[in-house]
Amino acid sequence: MQKQEKIVQMFNEIAPSYDKANRILSFGIDITWRKRACNYVLKNYDKTDLNIIDVACGTADMINIWQQEALKLDKKISKIIGIDPSEGMLKIAKEKYKKVTFIKAFAQDLPLENESADIMSISYGLRNVVERKKALKEFFRVLKKDGLLLILEFSKQEKKGFLSFFRDFYLKNILPILGGFLSKNKSAYEYLPNSIDHFLSEQELAKELQEIGFKIVKINNFSFGISSMFVAKK
Ligand SMILES: C[S@@+](CC[C@H](N)C(=O)[O-])C[C@H]1O[C@@H](n2cnc3c(N)ncnc32)[C@H](O)[C@@H]1O
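All values derive from a computational prediction rather than experimental measurement. (Residues numbered from 1 in each chain as written. Predicted model: local features only at pLDDT ≥ 70, side-chain atom pairs only at ≥ 80, totals over all residues. Heavy atoms only, no water.)

Caption draft 1: Representation of the nonpolar core. Core analysis: the largest hydrophobic core is formed by 49 residues, its most contacted members being W66, F102, I119, L150 and L152. Among all residues touching F102, those that are not within four sequence positions of it are C57, A60, I63, G82, L90, A93, K94 and Y97. (Core = buried A, V, L, I, M, F, W, Y, C linked by side-chain atoms within 4.5 Å. Buried < 20%, exposed > 50% of the residue type's maximum accessible area, 1.4 Å probe, protein only. Contact = heavy atoms within 4.5 Å.)

Structure (structure tokens):
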């Protein structure tokens, strides 16, 4: 099995316990990161009538947050689509949001028209996309001119201090045991810290985005650098 297929298979296996494990392992703090990020994007996008695509949507956590934050800011979402290659994750997403359109597809090969989206998001998903550059090019193709891309991701820590020691200890020693217990799949939760270690630094990701043609609007850190937010404009 190819690396990308194995990753999707792993998400199929952990899908039934994904939401519960996510909330417990992040102490619910990921919800705050998601809300702050969506709020920032909506405030910095002029139009009020929006077409939003959430890629690597998983069990659709971002769908709800986009809708809540848009409501707060008096913005209308005319269309919101969730995309993910994992049938297991999409099954849970569809049970949660019966009226939302979900499409089974890879980020690097989106079945979407050119310049059709106002906003695209990918939260904690880009690390799993083996053909990452191809996917970033796809986001650029699908976004309208001036459209915004939101990336939420765990960043690779370059500065080593007490907090990064604590974070690494949690990710490498505690999370695999807790995640393994909650999902009955320890290797999936060993994959998380490894995939963060092998991912890009903030500067490297910013450079890749710029090489494709994006303009960086904002890079922000949440909770002492545990999670990073990138907002880029086409
Ligand atoms: C850690 S989950 C994140 C799910 C959701 N976005 C969230 O914030 O909870 C990563 C997701 O990426 C999806 N994924 C893996 N490879 C992908 C690819 N090449 N293209 C799009 N999604 C992918 C997985 O199926 C999984 O649902």
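Caption draft 2: How the structure looks around the site of the ligand. Residues in close proximity to the ligand total 19 residues, the closest being R34, A56, D84, A107 and S123. In this structure, a nitrogen atom belonging to the ligand sits 2.7 Å away from a main-chain N or O atom of A56. Across the complex, the protein chains shield 98% of the 600 Å² of accessible surface that the ligand would expose by itself. Per-element tally for the shell around the ligand: the top contributor is helix α1 (residues 3-25), with 4 residues. Classifying every residue of the shell around the ligand gives 10 nonpolar, 7 polar and 2 charged. (Near = heavy atom within 4 Å. Polar contact = N/O pair within 3.5 Å; in protein donor to acceptor, adjacent residues only side chain to side chain. Areas by Shrake-Rupley, 256 points an atom, 1.4 Å probe, with all protein chains shown as cover. Helix = DSSP H or I, 4+ residues; strand = E, 2+ residues; numbered from the N terminus. Nonpolar A, V, L, I, M, F, W, Y, C, P; charged D, E, K, R; others polar.)

Caption draft 3: Spatial organisation of the packing of aromatic side chains. Within this structure, the stated rule accounts for 4 aromatic pairs. Residues W33 and Y124 carry aromatic rings whose centres are separated by 6.4 Å and whose planes lie at 50° to one another, so their mutual orientation is tilted. You can see W33 sitting in helix α2 (residues 29-43) and its partner Y124 sitting in the loop between β4 (117-123) and α5 (132-142), a full 91 residues away along the chain. For the pair formed by W33 and Y124, the shared burial category is buried. Ring centres of F140 and F214 lie 5.0 Å apart, and the angle between their planes is 90°; this geometry places the pair in the edge-to-face category. Of the two residues, F140 sits in helix α5 while F214 sits in the loop between α8 (202-212) and β6 (215-222), which places them 74 residues apart along the sequence. Judged by relative accessible area, which is 22%, F140 ranks as partly exposed. (Phe/Tyr/Trp six-rings, centres within 6.5 Å; stacked < 30°, edge-to-face > 60°.)

Caption draft 4: Fine view of unusual backbone geometry. A positive phi is found at A56, a non-glycine position, where the angle reads about 55°. Relative to the elements of secondary structure, A56 occurs in the loop between β1 (49-55) and α3 (61-72). On the accessibility criterion, A56 (23% relative accessible area) is partly exposed. Located in the positive-phi region is K184, a residue other than glycine, with phi close to 60°. Inspection of the secondary structure puts K184 in the loop between α6 (162-183) and α7 (186-197). A relative accessible area of 67% means that K184 is categorised as exposed.

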